[in-house]
Amino acid sequence: MVKKLTIALAGNANVGKSVIFNQLTGLHQHIGNWPGKTVEKAEGTLHFRGYEIDVIDLPGIYSLSTFSLEELISREYIALERPDLVINVVDASVLERNLFFTLQLIELGAPMVIALNQVDVAERKGIKVDHEKLSRLLGVPVVPTIAIRGLGIYRLLEVAVETIEKGEVRPRQILYGREVEERIEKLARLVAKVGFKYPARWTAIKLLEGDREVEEAIRKLDPTIISIKEKLAREIEEIHGHPCSTVITSERYEVANRIAEEVQQITPIAKPSLSERLDALTSHRLLGYPIMVVTLLAIFYSIFAFGDYVSTILSDFLYGFEPLFKSVLGEGLLEELIWGGIIEGLISGVTIALPYIVPFYFLLYVLEDSGYLSRIAFLMDVVMHKIGLHGKAFIPVMLAYGCNVPACLGCRIMETERERLLAGFVVTLIPCAATTVVILGLVGKFVGIEWALLLYIVDLAIVFALGRAAFKSLPGEPIGLLMEMHDYKLPHMKTVVNQTWFRLSEFIKIAFPFIVLSSLVIKSIELVGLLEPVSTLLSLVTVNWLGLRPEMGVSLVFGILRKELTLIMLATLLKTTDFGSVLTPVQMMVFALVTMLYIPCIATIAACVKEFGFKKAFFITVFEIAFAILAGGVAFRLLSLLNIP
Amino acid sequence: MEIPLSALKKGESGIITSILSASRRGRGGSWGFKKRLMDMGLTPGTEITVTKIAPFGGPIEICVRGSRLALGRGMAERILVRIKREWLRS
């Protein structure tokens with residue numbers, strides 16, 4: 001009989017939590033979502049000394065208040081699911097900030113062990129931490145680790161299991177100032193009587209801190225506690241001259257500061273390290289921008305070059321099976337449906353996902369893990385601010401130029417629902433790699449590259465204007481940028497590869513069923529002979545309002561599947577790839593503009609539904625179709641006035 | 001002298017005296033705003049040093065409690081500090 005244990009990893013963002021998670025669980029892990037939430041849940045298992053240990057990687061957070069979903073999830077998990085042990089991963093190079101979180105975990109009454117990570121980074125910064133003293137002061141076992149090199153991980157596991165076996169971890173409660181402490185105890189006694197799901201002392205502290213979620217829950221149990229709490233909070237405010245929540249947070253930081261100063265020895269380092277010089281250069285107020293532009297262009301260029309090359313090889317290889325397939329099934333309706341519908345759908349998924357998305361994710365995680373993404377967010381904050389978002393939102397926007405699906409999922413890095421939705425809307429308007437293929441292949445090739453560039457500029461202006469309009473019309477206030485700037489470090493390749501793999505499988509799960517299904521639907525429409533009537537119906541809009549050829553309406557329908565299909569279908573329907581000979585420059589421009597704007601493709605719609613719910617996804621889709629038709633019609637009339645060569 | 005954090009120049013230090021509530025907000029928003037800053041260690045009495053200032057009214061980077069934080073300009077305007085200019089004393 002194998003005994004089961006559950007261990008949760010908790011700590012600030014970027015302290016090496018996921019590296020420890022990967023070191024502990026290896027490949028036995030899966031990433032899903034927390035029930036009903038859009039926050040990721042990473043879970044893995046390992047076997048150690050006859051135990052089967054389930055390891056949960058909680059989201060990286062700074063506090064256990066309810067500002068963000070991540071914080072709420074973490075504290076609910078620790079207090080209510082009661083893992084056998086919490087491993088608090090602490091960054092030795094930023095000890096004070098990390099201890100602030102540790103103290104809150106202690107308040108929550110969780111049995112815990114501390115992994116004092118990145119001791120090497122700390123030493124390079126001239127910080128030496130006495131882990132034994134830290135352990136004595138907190139009453140919690142402390143194991144120094146260098147997770148990125150796997151050092152201390154085995155010991156950490158040993159100590160963790162021993163701690164669970166001993167079963168009596170008594171972390172030392174931190175005591176606040178006397179006048180605060182008295183009131184906490186008074187409130188805690190009252191809370192203890194009503195039997196709340198969280199520990200009484202912790203609840204009392206959170207009440208005094210003004211935590212909304214706890215307050216609502218207690219109000220339902222016993223409203224008199226809330227009025228007593230308000231009286232006590234006012235008393236503390238009078239004594240200290242600051243709001244009660246400020247007093248408690250300050251005192252907790254005071255304790256963190258005192259402990260940090262007692263256990264660390266700092267010897268100033270005279271020479272700036274490579275990481276510091278790199279930081280100064282990449283976030284420089286003048287040089288930072290050209291460096292960013294060059295880096296991003298280089299990344300996009302290499303992904304496009306690599307993707308194009310691999311995609312061609314893959315699709316040649318896969319289409320090589322067509323004759324074989326046809327000889328087995330014979331020519332006929334069934335063959336058309338299976339090959340043209342299902343298999344071609346799969347092939348298109350594979351030839352897009354693997355060659356473009358894999359390197360894209362890989363490089364993105366290298367950038368994130370190294371710390372460059374936060375520098376980009378820092379530099380772009382002022383631009384994103386104009387559309388009511390902060391610098392971090394630039395990351396999904398950047399992703400969107402590759403593919404809108406990961407970009408939609410990437411909006412999770414924003415702190416609030418409002419910010420997530422706003423970023424999601426902006427992201428679906430960005431032309432992805434497939435759209436770029438259409439623009440370059442049509443306008444760039446047959447009208448002129450300067451016109452393709454103009455389309456991009458117009459699109460950017462439209463994205464900006466619509467983003468701003470959405471920001472003004474959504475209720476609520478924007479929140480500002482608040483982000484820790486970590487030192488540059490070498491990315492941990494195994495973690496990066498793991499992240500890439502999970503993202504890819506997520507993409508496949510969301511996008512593939514839709515790509516295949518809609519491919520089948522469109523093929524059926526074609527086979528039933530509905531294309532002609534559909535085309536006639538569409539021509540009301542496409543021909544009369546947009547000034548396009550009737551065939552172009554049908555190819556726009558195909559574009560819902562994948563945007564580059566608009567171009568492929570156009571070639572099929574017009575029976576030529578020399579678009580310049582059959583289409584006018586205005587038609588090509590309008591067509592490209594509509595393709596850029598008209599709808600997030602079916603996979604993006606699926607991602608939107610997953611992230612924002614059916615109603616919002618539907619609204620975004622309908623709005624974008626209507627807007628694209630409007631913009632296309634306006635563009636048609638404006639461009640007709642000009643004389644395009 | 002009490003001035004907003006955003007008025008400090010690069011390399012200058014100050015001690016936080018208070019954080020102004022966000023304008024035009026209900027109690028909820030304001031609690032979240034202040035709490036978020038304080039959870040990151042920006043409590044009254046804390047010393048901070050401006051390490052970087054992004055151009056065009058962009059964010060600033062400060063050193064606080066041994067780590068560095070990027071802070072939107074709007075947020076920096078609501079943090080009041082008592083300036084600590086080393087050269088004034090020497």
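Residues numbered from 1 in each chain as written. Chains lettered and ligands numbered in written order. Predicted model: local features only at pLDDT ≥ 70, side-chain atom pairs only at ≥ 80, totals over all residues.

Engineer: Quick question: what am I supposed to make of the environment of alanine 8 of chain A here?
Structural biologist: Residue and element names in this part refer to chain A. Looking at where alanine 8 falls in the secondary structure, it is placed in strand 1 (residues 3-11). Given 22 C-beta atoms within 10 Å, alanine 8 falls into the buried group. Note: C-alpha distance between alanine 8 and serine 74 (66 residues apart in sequence) is 9.5 Å. Sequence-distant contacts of alanine 8, that is, excluding residues within four places in its chain, are made with Ile56, Leu58, Tyr77, Ile78, Pro83 and Val86. (Helix = DSSP H or I, 4+ residues; strand = E, 2+ residues; numbered from the N terminus. Buried ≥ 20, exposed ≤ 12 C-beta atoms within 10 Å, placed from the backbone. Contact = placed C-beta atoms within 7 Å.)

Engineer: How should the sheet that holds strand 4 (residues 51-57) of chain A be read in this particular structure?
Structural biologist: Think of a sheet as strands paired side by side through backbone hydrogen bonds, with each pair either parallel or antiparallel. All names here are of chain A. Here we have seven strands laid out as an open sheet, ordered 2-3-4-1-5-6-8, and mixed in their pairing. Of all strands in the sheet, those bounded by a partner on one side alone are strand 2 (29-33) and strand 8 (142-144). Ignoring which end each strand starts from, the neighbouring axes of this sheet average 25° apart. In this structure, strand 5 (residues 85-91) lies alongside strand 6 (residues 112-117), joined through six bridges in parallel fashion. Opposite valine 89, over in strand 6, you have alanine 115 as the bridge partner. (Pairing = 2+ DSSP bridges. Axes fitted to C-alpha atoms, helices over the stretch in contact; angles between N-to-C directions.)

Engineer: Quick question: what am I supposed to make of the confidence of the model for chain A here?
Structural biologist: The predicted coordinates should not be examined in detail at positions where pLDDT is low. The predicted model of chain A has a mean per-residue pLDDT of 89, with 99% of residues at 70 or higher. By mean pLDDT, strand 2 of chain A is the weakest element of chain A at 77, and strand 8 of chain A is the strongest at 97. (pLDDT = per-residue confidence, 0-100.)

Engineer: Help me out: how do you make sense of the environment of aspartate 381 of chain A in this one?
Structural biologist: The residue aspartate 381 of chain A is located in helix 16 (residues 372-385) in this model. When the 28 C-beta atoms within 10 Å are taken as the criterion, aspartate 381 of chain A is described as buried. Considered as a pair, aspartate 381 of chain A and glycine 529 of chain A are 148 residues apart in the sequence and their alpha carbons are 52 Å apart. With residues up to four places along the chain from it excluded, the contact list for aspartate 381 of chain A reads His390, Gly391 and Leu481 of chain A together with Ala54, Gly58, Pro59 and Gly72 of chain B.

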